[in-house]
Amino acid sequence: MNFLKNINAFILKYISFIIIAFSITAFFIPDNFSWMTKHTAFFLGVAMFGMGMTIKAEDFKNILFQPKYIAIGCIIQYTIMPLSAWIIARIFNLNPDLALGVILVGCCPGGTASNVITYIADGDVPLSVGMTIISTLLAPFLTPALVYLLAGKWVEVSLFLMFKSIVNVILIPILAGLILRQLLKHHIEKILYIMPLTSAVSIILIISGIIGANADKIAACGLLVLAVVMLHNFTGIAGGLIAAKIFNLEYKKATAVAIEVGMQNSGLAVSLAVTNFALNPLATLPGAVFSVWHNISGSIFAGIRKRNS
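This text gives an overview of the structure that appears in the document. Source: prediction; values computed, not measured.

## Examining the overall build of the protein chain
Within the protein chain, the regular secondary structure consists of 15 helices and zero strands. Relative to the globule expectation of 19 Å for 309 residues, the C-alpha radius of gyration of the protein chain, 18 Å, shows essentially globular dimensions. Here the C-alpha coordinates of the protein chain stretch approximately 50 × 45 × 40 Å along the principal axes. Expressed as a percentage of the 309 residues in the protein chain, the buried residues total 54%. For the protein chain, the share of sequence-separated contacts (at least 6 apart) that also reach a separation of at least 24 residues comes to 87%. Carbon and sulfur atoms make up 71% of the accessible area of the protein chain, which totals about 13900 Å². Placing the 19 positive and 11 negative side-chain charges of the protein chain at their respective mean positions leaves the two points 5 Å apart.

## Observations concerning the nonpolar core
Counting residues in hydrophobic clusters, the biggest one holds 81 residues, and the most contacted among them are Leu100, Leu104, Val147, Ile170 and Leu268. The contact partners of Ile170, leaving out residues within four places of it in the chain, are Leu44, Met48, Thr136, Asn265 and Leu268.

## Notes on the packing of helix α3 (residues 40-54) against helix α11 (residues 194-213)
Two numbers describe a pair of packed helices, the interaxial angle and the distance between the axes. In contact at an axis separation of 8 Å, α3 and α11 are set at 160° when each is read in the N-to-C sense. Compared by their axis directions, α3 and α11 come out roughly antiparallel. Helix-helix and strand crossings are classified by hand; for α3 and α11 the assignment is left-handed. In this structure, α3 contributes Thr40, Phe43, Leu44, Val46, Ala47, Gly50, Met51, Met53 and Thr54 to the contact, and α11 contributes Met195, Pro196, Thr198, Ser199, Ser202, Ile203, Leu205, Ile206 and Ile210.

## Examining the side chain of Ser84
The residue Ser84 is located in helix α5 (residues 67-91) in this model. A distance of 3.1 Å separates a polar atom in the side chain of Ser84 from the backbone oxygen of Met81. A distance of 3.5 Å separates the side chain of Ser84 from the side chain of His232, its partner in a polar contact. Not counting chain neighbours up to four residues away, the residues in contact with Ser84 comprise His232 and Thr235.

## What to know about the packing of α5 against helix α6 (residues 96-106)
The geometry of α5 relative to α6 is characterised by a closest axis approach of 8 Å and an angle of 170° between their N-to-C directions. Comparing the axis directions of α5 and α6 gives the class roughly antiparallel. In this structure, α5 meets α6 at a crossing whose hand is right-handed. Taken together, the residues of α6 that come into contact with α5 (itself represented by Gln77, Met81, Pro82, Ala85, Trp86 and Ala89) are Ala99, Val102, Ile103 and Gly106. Considered class by class, the residues forming the contact of α5 with α6 number eight nonpolar, two polar and no charged.

## Focus: helix α12 (residues 215-246)
Largest kink in α12: about 75°, centred on Cys221. One or two residues past the end of α12 sits Asn248, with phi positive at roughly 55°.

## A word on a nonpolar patch on the surface
Residues Leu83, Ile87, Ile91, Phe92, Leu224, Leu231 and Phe234 make up a contiguous nonpolar surface patch of about 650 Å² in total accessible area. Secondary-structure elements contributing two or more residues to the nonpolar patch are α5 and α12. Among the structural elements, Ile87 can be located in helix α5. The partly exposed category is assigned to Ile87, whose relative accessible area is 41%.

## Overview of the packing of aromatic side chains
Inspection of the entire model under this criterion finds four aromatic pairs. With 5.1 Å between their ring centres and 85° between their planes, Phe27 and Phe28 make a pair best called edge-to-face. The partly exposed category is assigned to Phe27, whose relative accessible area is 29%. Accessibility expressed as a relative area gives 63% for Phe28, which makes it exposed. In this arrangement the basic side chain of Lys253 is found over the ring face of Tyr69, its NZ or CZ atom lying 5.0 Å from the centre.

What counts and what doesn't
Residues numbered from 1 in each chain as written. Predicted model: local features only at pLDDT ≥ 70, side-chain atom pairs only at ≥ 80, totals over all residues. Heavy atoms only, no water. Helix = DSSP H or I, 4+ residues; strand = E, 2+ residues; numbered from the N terminus. Rg over C-alpha atoms; globule rule 2.2 N^0.38 Å. Buried < 20%, exposed > 50% of the residue type's maximum accessible area, 1.4 Å probe, protein only. Contact = heavy atoms within 4.5 Å. Areas by Shrake-Rupley, 256 points an atom, 1.4 Å probe, with all protein chains shown as cover. Lys, Arg positive; Asp, Glu negative; His and termini not counted. Charge placed at Lys NZ, Arg CZ, Asp CG, Glu CD. Core = buried A, V, L, I, M, F, W, Y, C linked by side-chain atoms within 4.5 Å. Axes fitted to C-alpha atoms, helices over the stretch in contact; angles between N-to-C directions. Parallel < 35°, antiparallel > 145°, perpendicular 65-115°, else oblique. Left-handed = near helix turned anticlockwise from the far one by under 90°. Polar contact = N/O pair within 3.5 Å; in protein donor to acceptor, adjacent residues only side chain to side chain. Nonpolar A, V, L, I, M, F, W, Y, C, P; charged D, E, K, R; others polar. Bend = angle between axes of the 7 residues up to and from the residue. Patch = residues over 30% accessible without salt bridge, like charges linked within 9 Å, V, L, I, M, F, W, Y side chains within 5 Å. Salt bridge = Lys/Arg side-chain N within 4 Å of Asp/Glu carboxyl O. Phe/Tyr/Trp six-rings, centres within 6.5 Å; stacked < 30°, edge-to-face > 60°. Lys NZ or Arg CZ within 6 Å of the ring centre and 35° of its normal.

In structure tokens, the structure reads:
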């Protein structure tokens with residue numbers, strides 16, 4: 001038991017370095033990882049099930065206690081990131097596949113890694129968790145609509161198929177995890193610490209699979225994608241901070257909002273690209289690269305915020 005807890009703590013502490021190590025390995029030995037792309041939706045479902053298992057009744061109480069801040073955060077989330085993705089795609093004159101991939105990332109909800117990064121930054125963790133929950137529950141409706149509006153000129157977008165995909169890989173697993181925890185809470189509490197580890201491993205497998213399957217394409221346009229992803233992520237964090245200042249949020253809340261806005265559920269973006277845009281193979285790249293980069297930038301940002309708090 002203690003061994004598993006130590007492994008869990010180690011992986012979560014060094015998740016950024018582990019993702020980088022697996023990504024590099026997948027790039028140079030792609031055949032060992034490319035098969036994972038066939039199971040992207042399953043891996044993401046496992047990650048979301050783990051998220052559902054970690055949601056507590058107190059998390060919903062926190063949502064009720066600070067609805068104003070969560071509403072502000074979610075509005076910022078679903079405006080800054082989608083619009084900046086569209087603007088960046090136009091500025092860099094990206095081809096349709098890459099433009100779609102960047103917009104998919106921008107239109108997704110906040111990622112669960114943001115909660116861990118907010119904790120490291122000494123930010124408002126309950127606010128971060130509340131924003132993740134609400135933005136994720138809104139995703140089946142907002143993400144397809146935003147992708148349709150912003151990417152419809154580049155590619156054909158089916159609102160219904162995207163809605164169905166998000167319900168299957170996000171909403172159902174989260175609700176299943178939440179319900180199972182409530183039904184078996186006295187029997188399951190002792191193993192709940194494994195759930196964040198399960199989610200982290202699932203995300204690592206998704207990223208590694210995409211990079212392995214697209215190693216040759218990354219070699220051809222990897223620097224461009226990395227530059228776009230870095231700019232998009234920076235815009236989210238900076239935009240979150242600016243918006244937090246406009247709304248006069250205190251330091252810890254501003255930290256949580258900036259991290260939540262800047263760190264997207266890029267695993268969902270990858271899954272949507274694989275499931276709904278098979279004719280646009282490069283659309284998976286921005287999500288995969290974003291998954292690697294936002295953990296690095298988030299950790300750096302967390303260190304800066306904690307030192308200044």
